Amino acid sequence: MPKIIPITQEISEKVEEVGNSKDWAMVKSMESFARTAPQKNLTTVDIIPATRSTKLVMVLLPEWGTYFPPYNMARLVSVARSAGYSVSAFDLNIECYNEIRSKMEFDPWDPSREFLWEKDITYFTQIHQFCEPIYKKYIEQIVKLKPNVIGFTLYYTNEEATRWVAKQLREQLPDVKLVIGGPQASSPKKRTVEYFDYVVQGEGEKILLQILDSVENNHSITDKILVQPKTERLNLDQLPFPDYTDYDFSKYTTPNGTSSEISRGCVAKCVFCTEVHFWKYRGRQAGSILKEVEYQHNKHGIDFIWFIDSLVNGNLNELRAFALGVVEKKLPIRWQGYAR
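Undergrad: Would you take a moment to explain the side chain of His-128 for this structure?
TA: Mapped onto the secondary structure, His-128 falls in helix H7 (residues 128–145). Owing to a relative accessible area of 5%, His-128 belongs among the buried residues under this scheme. The contact partners of His-128, leaving out residues within four places of it in the chain, are Tyr-123, Tyr-135 and Trp-164.

Undergrad: Hey, could you run me through the confidence of the model for the protein chain in this one?
TA: Low pLDDT marks regions whose predicted coordinates should not be analysed in detail. For the protein chain, per-residue confidence averages 89 on the pLDDT scale, and 89% of positions sit at 70 or higher. Scored below 50 in pLDDT, residues 1–19 makes 38 contacts in the model with residues more than four places away or belonging to other chains.

Undergrad: Help me understand the state of the cysteines, please; the structure alone is not making it clear to me.
TA: By definition, a disulfide links the sulfur atoms of two cysteine residues through a covalent bond. Counted by the stated rule, this structure contains 0 disulfides. The closest cysteine sulfur to the non-disulfide-bonded Cys-270 is located on Cys-266, 6.3 Å from its own sulfur. Judged by its relative accessible area of 26%, Cys-270 falls in the partly exposed class.

Undergrad: Explain the pattern of salt bridges here, please?
TA: Side chains bearing opposite charge may pair, as long as their charged atoms lie close to each other. One pass over the structure, following the stated rule, counts 21 salt bridges. Its salt-bridge partner being Glu-95, residue Lys-251 comes within 2.8 Å of it at the nearest N-O pair. One end of the pair, Lys-251, is in the loop between strand S6 (225–227) and strand S7 (257–260); the other, Glu-95, is in helix H4 (residues 92–100), with 156 residues separating them in the sequence. Of the residues examined, Lys-251 reaches a relative accessible area of 28% and is grouped as partly exposed. Glu-140 is the partner of Lys-144 in a salt bridge, and the nearest nitrogen-oxygen pair spans 3.7 Å. One end of the pair is Lys-144 and the other is Glu-140, both in helix H7 and 4 residues apart, which spans about a single turn. Residue Glu-140 is classed as partly exposed on the basis of its relative accessible area of 47%. Connected via shared salt-bridge partners are Arg-75, Glu-203, Glu-205, Glu-261, Arg-264 and Arg-282.

Undergrad: Help me out: how do you make sense of the sheet that holds S6 in this one?
TA: The strands making up a sheet associate through backbone hydrogen bonding, with each pair oriented either parallel or antiparallel. The 6 strands lie next to each other as S2-S1-S3-S4-S5-S6, forming an open sheet whose pairing is parallel. Of all strands in the sheet, those with a lone pairing partner are strand S2 (86–91) and S6, marking the two edges. For this sheet, the mean angle separating the axes of adjacent strands, direction not counted, is 20°. Here H7 sits on the sheet and contacts strand S1 (55–60), S2 and strand S3 (149–153); the angle it forms with S2, its principal contact strand, is near 175°. Where helix H8 (residues 159–172) meets the sheet, it contacts S3 and strand S4 (177–181), and its direction lies at approximately 170° from that of S3.

Undergrad: Help me out: how do you make sense of unusual backbone geometry in this one?
TA: Among all residues except glycine, the phi angle is most often negative; among peptide bonds, the trans geometry is most common. Glu-63 follows Pro-62 through a cis peptide bond whose omega is 15°. In this structure, Glu-63 sits in the loop between S1 and helix H3 (71–82). Its identity as a non-glycine residue notwithstanding, Asn-41 has a phi of 60°, on the positive side. On the basis of relative accessibility, which here comes to 69%, the residue Asn-41 falls in the exposed class. Phi angles above zero are rare outside glycine, and Lys-146 is one such case at about 55°. Considering the arrangement of structural elements, one finds Lys-146 in the loop between H7 and S3. Looking at Lys-146, the relative accessible area reads 61%, which means it is exposed.

Undergrad: Got a minute to help me understand the sheet that holds strand S11 (residues 334–337) in this structure?
TA: An order of S7-S10-S11 is seen for the 3 strands of this open sheet, with the pairing classed as parallel. Every other strand in the sheet has two partners, leaving S7 and S11 as the edge strands with one partner each. Recorded for the sheet is a direction-independent mean angle of 25° between the axes of neighbouring strands. Note that S7 and strand S10 (residues 304–307) share 4 bridges and pair parallel. Bridge pairing in S10 places Thr-258 opposite Ile-305.

Undergrad: Please clarify how the packing of aromatic side chains should be interpreted in this entry.
TA: Aromatic ring pairs: the centre-centre distance and the angle between the two ring planes describe each pair. Scanning all chains against the criterion turns up 17 aromatic pairs. Arranged with centres 5.4 Å apart and planes meeting at 90°, the rings of Trp-306 and Tyr-338 form a pair that is edge-to-face. Remark: Tyr-338 occurs in the segment after S11 and Trp-306 occurs in strand S10; sequence separation between them is 32 residues. Taken together, the aromatic side chains of Tyr-97, Trp-109, Trp-117, Tyr-123 and Phe-124 make up a single cluster linked through ring pairs. Across the ring face of Tyr-97, the terminal group of Arg-101 is positioned such that the distance to the ring centre comes to 3.9 Å.

Thresholds applied
Residues numbered from 1 in each chain as written. Predicted model: local features only at pLDDT ≥ 70, side-chain atom pairs only at ≥ 80, totals over all residues. Heavy atoms only, no water. Helix = DSSP H or I, 4+ residues; strand = E, 2+ residues; numbered from the N terminus. Buried < 20%, exposed > 50% of the residue type's maximum accessible area, 1.4 Å probe, protein only. Contact = heavy atoms within 4.5 Å. pLDDT = per-residue confidence, 0-100. Disulfide = S-S within 2.5 Å. Salt bridge = Lys/Arg side-chain N within 4 Å of Asp/Glu carboxyl O. Pairing = 2+ DSSP bridges. Axes fitted to C-alpha atoms, helices over the stretch in contact; angles between N-to-C directions. Phe/Tyr/Trp six-rings, centres within 6.5 Å; stacked < 30°, edge-to-face > 60°. Lys NZ or Arg CZ within 6 Å of the ring centre and 35° of its normal.

Right, here's the structure in full:
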């Protein structure tokens, strides 16, 4: 788990303990812009390392983006592993993308054809037959793992595929807890909800640990739909870095790329945007972002970062501090994101 320290404290630690001129230059360049402490009124996710017996599997079904490994799953996997749970992640979206496109007359990942994934009629008549053998292959692997909990990320384009795979897993693992989260979990189809034990609405890190704890300690959660309080904002600096151990970066269309986040939420209050109602704005400290980027670069060779925020410039000083830190550390990366 990353260590959270004020940047002024970090300066003295770098000088006294490290003596690294590059780190010193980086910290000095950021000093006048970066916050000296995390934001106030943030919720800490209690991640208590321990030896656990509960097994978690995370699954992403098509159709979704193919540029990078799924950031949300990597984040949740890291949180669960940091707490001592056994976790395996399967990106079936990228597996199908690489295996079936050459067998089809059209590219179902073409954005102009995403509507084919949304409706059961078009999905099952035009796409499913190509994906089903791949689903069955990985369902067999998942069943062999004997997980206690299986989590799915739900988007408007993968609801049909997710429901089909969940049904197969339920038949072979009748006691497993099936969980869905993600954007579409806020408004899933009624027949989708029926397949799952829990529907997570809002930020998932804290709620996932609550579900795992309930299974580990054999106590039930009575509510099916688990909603994060709208006033709650998770402390992003406190969360462990995303864990990409289960992913083969060469399978993605940006081989050395990954996602990250500078913030969650938005500083605006546009009435037409669901972001205002989904979660409250909070940004990370520049030092925390920089450490994550450097860690992923050193561990996986990452040289491109896509920040998935609604806006990277919600705190312009912090963004400037991060950019200066990248320059001073001479990190050979490119990065981009949305701004307003």
